[in-house]
Structure formats: C-alpha cells, structure tokens
Amino acid sequence: MLLEKMLQSQGFGSRKHCQQLIKNGAVTIMGETQTNPKFAIKIAPETVLQFSVYGQNYQYREKVYIALHKPQGYECSHQATHHFSVFDLFDDVLLNRGLQCVGRLDQDTTGLLLLTDDGQFLQALTHPKKHVAKVYAMHTADPINATQIQQLEQGVALRNESGTFAATEVQQLAEHELQMTIHQGVYHQVKRMLAAVGNKVEQLHRQQVGALNLTDLALDVGEWMYLSPEHVELAKSRME
Ligand code: URA
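Computed from a predicted model, the values in this text were never measured in an experiment.

**Q** Talk me through the overall build of the chain; I want residue IDs and the actual numbers.
**A** Assigned secondary structure in the chain consists of 8 helices and 17 strands. Summarising its shape, the C-alpha atoms of the chain cover approximately 70 × 35 × 35 Å along the three principal directions. Within the chain, buried positions represent 46% of all 240 residues. By sequence separation, contacts in the chain at least 24 residues apart represent 62% of the contacts at least 6 residues apart. Accessible area of the chain: about 12700 Å², with a carbon and sulfur share of 48%.

**Q** Tell me about the site of the ligand, and please be specific about residues and values.
**A** Within the structure, the ligand sits among Leu105, Asp106, Thr109, Tyr136, His188, Gln189, Val190, Lys191 and Leu204. Measuring from a nitrogen atom of the ligand, one finds a side-chain N or O atom of Asp106 at 2.7 Å. Across the complex, the protein chains shield 96% of the 240 Å² of accessible surface that the ligand would expose by itself. Looking at the shell around the ligand element by element, the count peaks at 3 residues for helix 6 (residues 189–196). Here the shell around the ligand is built from residues that sort into 4 nonpolar, 3 polar and 2 charged. Both domains that furnish three or more residues to the shell around the ligand are identified here as domain 2 (65–123 + 216–229) and domain 3 (134–209).

**Q** Let's hear about the side chain of Gln148: which residues, and what values?
**A** Mapped onto the elements, Gln148 comes out in helix 5 (residues 146–154). At 3.1 Å, the side chain of Gln148 forms a polar contact with the side chain of Asn199. With residues near it in sequence (within four places) discarded, Gln148 still touches Pro143, Val197, Gly198 and Asn199.

**Q** Outline the packing of aromatic side chains, supporting the account with residue identities and numerical values.
**A** Aromatic rings in a pair are described by how distant their centres are and how their planes are angled relative to each other. Here the structure, examined in full by the defined rule, presents 7 aromatic pairs. An angle of 20° between the planes, with centres 5.5 Å apart, marks the rings of Phe51 and Tyr58 as stacked. Judged by centre distance (5.1 Å) and plane angle (50°), the ring pair of Phe90 and Trp224 falls under tilted. With a gap of 134 residues between them, Phe90 in the loop between strand 7 (84–85) and helix 3 (92–96) and Trp224 in strand 17 (residues 224–226) connect regions that are remote in the sequence. Among the aromatic residues, ring-to-ring pairing joins Phe12, Phe51 and Tyr58 into one connected group. In this arrangement the basic side chain of Arg61 is found over the ring face of Tyr226, its NZ or CZ atom lying 3.5 Å from the centre.

**Q** Describe the pattern of salt bridges, naming the residues involved and giving the relevant values.
**A** A full pass over the atoms with the stated rule returns 7 salt bridges. Glu161 is the partner of Arg192 in a salt bridge, and the nearest nitrogen-oxygen pair spans 3.2 Å. Note that Arg192 is positioned in helix 6 and Glu161 in the loop between strand 11 (156–157) and strand 12 (164–165), a separation of 31 residues in sequence.

**Q** So what about the state of the cysteines? Which residues, and what values?
**A** Between two cysteines, a covalent bond joining their sulfur atoms is known as a disulfide. One pass over the structure, following the stated rule, counts 0 disulfides. The closest cysteine sulfur to the non-disulfide-bonded Cys76 is located on Cys101, 4.1 Å from its own sulfur. Since its relative accessible area comes to 6%, Cys76 is described here as buried.

**Q** Explain the pairing of strand 15 (residues 201–209) to me, using residue names and the numbers behind them.
**A** Across the 9 residues that make up strand 15, a large majority, 7, are buried. Summarising the sheet, strand 9 (residues 109–116) and strand 15 pair through 3 bridges and their orientation is parallel. In the sheet register, Gly111 faces strand 15, and the bridge partner there is Arg206. Here 7 bridges tie strand 10 (residues 134–140) to strand 15, and the two strands are oriented antiparallel to one another. Residue pairing for strand 15: Val135 is matched across the bridge by Gln208. Sheet topology places strand 15 next to strand 16 (residues 212–213); 2 bridges connect them, and they run antiparallel. Bridge assignment links Gln208 to a residue of strand 16, and that residue is Asn213. The turn joining strand 15 and strand 16, which pair antiparallel and follow one another in sequence, is formed by 2 residues; a positive phi near 60° is taken by Gly210.

**Q** How would you sum up the nonpolar core? Please name residues and give values.
**A** Core analysis: the biggest nonpolar cluster contains 33 residues, and Leu115, Met138, Leu178, Met180, Val190, Met193 and Leu194 have the highest contact counts within it. Domain assignment of the residues forming this core places at least three in each of domain 2 (65–123 + 216–229) and domain 3 (134–209). Discounting residues that sit within four places of it in the chain, Met180 has contacts with Lys134, Val135, Tyr136, Met138, Leu152, Ala167, Thr168, Glu169, Val170, Val190, Met193 and Leu194.

Quick notes on the rules
Residues numbered from 1 in each chain as written. Predicted model: local features only at pLDDT ≥ 70, side-chain atom pairs only at ≥ 80, totals over all residues. Heavy atoms only, no water. Helix = DSSP H or I, 4+ residues; strand = E, 2+ residues; numbered from the N terminus. Buried < 20%, exposed > 50% of the residue type's maximum accessible area, 1.4 Å probe, protein only. Contact = heavy atoms within 4.5 Å. Areas by Shrake-Rupley, 256 points an atom, 1.4 Å probe, with all protein chains shown as cover. Near = heavy atom within 4 Å. Polar contact = N/O pair within 3.5 Å; in protein donor to acceptor, adjacent residues only side chain to side chain. Nonpolar A, V, L, I, M, F, W, Y, C, P; charged D, E, K, R; others polar. Domains from an automatic or database assignment. Phe/Tyr/Trp six-rings, centres within 6.5 Å; stacked < 30°, edge-to-face > 60°. Lys NZ or Arg CZ within 6 Å of the ring centre and 35° of its normal. Salt bridge = Lys/Arg side-chain N within 4 Å of Asp/Glu carboxyl O. Disulfide = S-S within 2.5 Å. Pairing = 2+ DSSP bridges. Core = buried A, V, L, I, M, F, W, Y, C linked by side-chain atoms within 4.5 Å.

Right, here's the structure in full:
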C-alpha cells in the first residue's frame, strides 16, 4: 500500500493532506523518516506496523474495535444536545475513521460500550435478528419481588413493539439490585421492561456484550482500550 494511502486510511485526513505531512518529514515508518508519499508499504497481517506523525506513535490497524467504560452524562450521538458526546473521548484521528457506537446506551447508563469503524461488525452485533446477549445490572426504585422476576423471565409486552421481551439469567443481587441478560436491543429496553413489571430502574450498568465482560477488561470509568481479535470474537460469541 502507498504510504499516503495508508495514512489516509488511518484517519490523517485527505490524500493531499497526507502527502503534505509526508513531504514535510512528519512521518516515520518503523523508526525511519519517509518523505516519499508513494513509498510502498507491505502490510502483513501477522506483523505490527508502527509509524509516527509529528513524533506521536501509532500502530496500523485495518479496522478499529474499541471498548469504552462509558461514564454517566454522555450521549451516544455525534451531535449531543444536552450532555457530552462519547465521541468527545476520542481524538480526531480516530473520529476521522468514522468511528460508530455499536448500539446505544442512554446518557445515564454506564458500562461497556463498543465502538468500531467496521460496518460488518457493527451490523453483526446490532441486527435485530442476531440477538446478541447483553448483561445489565441495575438499581431499582422499589424492592424486587419474585413476581417481577417471573414476569421478566416469561416476557413482557412493550408499547409500540411487536412480540414479547424476555430476560434470561435474572438474578436478584440485593433488595434493589438485579442483574439480567437481554437478547434484543430496542429503545430503552431494560427500563421499559422493569416499568412493565411495576418497578423503575434508577441506575443502569452494562456489564457484558456477548461473552465480553467489562470486569475482565479492567477499565476504569471513562477509560477505553483497543480490543484484540480474541476480544472481538468474545463479543460476537453469544448470538442466537
Ligand atoms: N436499556 C435501557 O433501558 N437503557 C440502556 O441504556 C440500555 C438498555
């Protein structure tokens, strides 16, 4: 791949801008300054290609897969109106690649949020027919009772949605603490399911997507990391 094209693919702006960066001597490849935009780079899947732009180090990634421990008060939209945007947490180089949220969490929901520029991955995890398991923990306004758990397991109807919505692995952790797994992803699903059984979600946290668990990633609130190919497989691994 030509160096100018490689830089462009990694989010460094237009082809022209990338050519200029290279001509200005701003770019090193595996530690060596390279001023020829047409320099041909070999990208082998098993080797890590390191480069730098104005002294900042980067690694070539064909696609990016990111896990964010989403804080409260951040919206999953580019044009956030009343809160911060989760995209504020990423630099322009990543944003230029067309980073998208894999599904949405409400602004007040915390926990595991995946982001990617891989349209196929995004589609695989969010397509309504794919039913990726998502584990949520919540604090409820009222004590949780056995009837509510049974109703959640059996499935509840949600206004303007067809069919019923059931949770699996419903576990009461304390009087007001519940964990459950859902397999669809309709708007405000967990909050609406709890409202349908006569309770109210006061705090919501996503713990897991597929078999990818936030605790195993050891991310503090607001921190993010690149996912390895193994992580990506884990995220995809609990689809029905
Ligand atoms: N369900 C909700 O109600 N909100 C979320 O953020 C995620 C799932």
